[in-house]
Amino acid sequence: SEEEVTILEQLLEYGIEGVMLYPHAESTEAQKEILLRYQAQNVPVVFLDRMVKGIESDYISSDNYNGGYMIVKYLIELGHQHIVFVKPTIEGLLPIDERYEGYCAALQEHGLHVYDPINIDSNDGYEFFETDVFQVLSAEQSLLIEQVIDGLKCIEPQPSAVFCVNDCLAIITMLAVQRMGLTVPDNISIVGFDDISLAAYMSIPLTTMAQDAHELGKLAAQQLLERLEGETKAPVRHKVPTRLQIRMSTSTPM
């Protein structure tokens, strides 16, 4: 977060005309202060994937709510009734909140129990994205797996499916299920979100909700160009549809 603020300050000093920003997960006052300076100097900022509270600006993201809803609906249609949600301990991050809201809506619509999330904490502050996956699996694998196991053991009856907020956590959850002496998907189905490059090449390929990264980048660039050309309308929000990618980590419950 400190490096992000430093870079934004340098760009402003260099006379940058506009920025597409994928902001740090944990907002700070310094982050807000520099972005307010951008606004005061009429330098447009387009947020990608996540926003900074208190900053009114254009925002381009995946349709996280509908993605969460559709992937849980798919599990329900397979016959699953006890579905839990796994996420990092980060609070107030819009994509995570929206995916959980979609999870809740799908379960409530079908009269099923909504579980509190299983929160997974990384000592090194990983956000469990694609860039983290190899460090996580090598450095903190056992610690994270034990947290998932502890979370699953606290739930009765045993969940038959797990919706992980992203693919990195889904991979960790697969390892946890295997360490419990269970199999995926026979005992527990697992789904993720993102469709990272590794998802299709696991020993059990991962069912996930794919994001359209190309379209996200394209829309963000188009929105920034419109601002640079003088567009003065109120801040806009674009939500890019996600796509269900069905693989071998899901099946009907036993």
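Source: prediction; values computed, not measured.

A. Expanded view of the sheet that holds strand β2 (residues 45–48). With parallel pairing, 4 strands are arranged side by side in an open sheet as β1-β2-β3-β9. This sheet does not close on itself; its edge strands, each paired only once, are β1 (19–21) and β9 (237–240). Between one strand axis and the next, the sheet turns by 20 degrees as a mean value, whatever way the strands run. Here 3 bridges tie β1 to β2, and the two strands are oriented parallel to one another. Across the sheet, V19 pairs through a bridge with V45, a residue of β2.

B. Inspection of helix α1 (residues 2–13) at higher detail. In a regular helix each residue adds 1.5 Å, so 12 residues correspond to 16 Å; α1 covers 17 Å between its end C-alpha atoms and thus fits that length. Listing the buried residues of α1 in full gives E4, V5, L8 and L12. Taken end-on, α1 shows its buried residues confined to a sector of 100 degrees, consistent with a single buried face. Residues of α1 that are exposed and angled more than 90 degrees away from the buried face: E2, E3 and E13. Structurally, α1 contributes buried residues whose contacts are with β1 and α2 (29–40). At the exit of α1 stands G15, carrying a positive phi of roughly 85 degrees.

C. The nonpolar core, seen in detail. V72, I83, Y103, F163 and I190 are the most contacted members of the largest nonpolar core, which totals 55 residues. At the level of secondary structure, the elements contributing two or more residues to this core comprise α3 (64–78), β4 (83–88), α4 (94–109), β5 (118–120), α6 (141–153), β6 (161–164), α7 (167–179) and β7 (189–194). If you tally residues by element for this core, the top one is α7, at 8 residues. When residues no more than four places from it in sequence are discounted, the contact partners of Y103 are G68, Y69, V72, I83, V84, F85, V114, Y115 and F163. If you look at the next biggest cluster of nonpolar residues, it comprises 13 residues, including L8, L21, V43 and F47.

Parameters and conventions
- Along each chain, residue indices are assigned from 1 in the same order as the chain's sequence is written.
- Predicted model: local features are reported for residues with pLDDT of at least 70 only, side-chain atom pairs are reported and counted for 80 or more only, and whole-chain, interface and lining totals are derived from all residues.
- With hydrogens and water excluded, all non-hydrogen atoms of the structure serve as input to the side-chain values.
- Any two strands with at least two DSSP-identified bridges between them are counted as paired.
- Only DSSP runs of H or I reaching four residues or more are called helices, and only runs of E reaching two or more are called strands; each is numbered from the N terminus.
- Geometry is summarised by axes, namely lines fitted to C-alpha atoms with helices restricted to the contacting stretch, and by angles between N-to-C directions that run from 0 to 180 degrees.
- Given a helix with a known number of residues, its expected span is that number minus one, times 1.5 Å.
- The buried label goes to any residue with under 20% of its type's maximum accessible area, the exposed label to any with over 50%, and the partly exposed label to all in between, with areas taken from a 1.4 Å probe on protein chains only.
- Here, the arc refers to the directions that run from the helix axis to the C-beta atoms.
- The criterion used for residue contact is that any of the two residues' heavy atoms lie within 4.5 Å.
- Grouping buried Ala, Val, Leu, Ile, Met, Phe, Trp, Tyr and Cys residues that are joined through side-chain atoms within 4.5 Å yields what is termed a nonpolar core.

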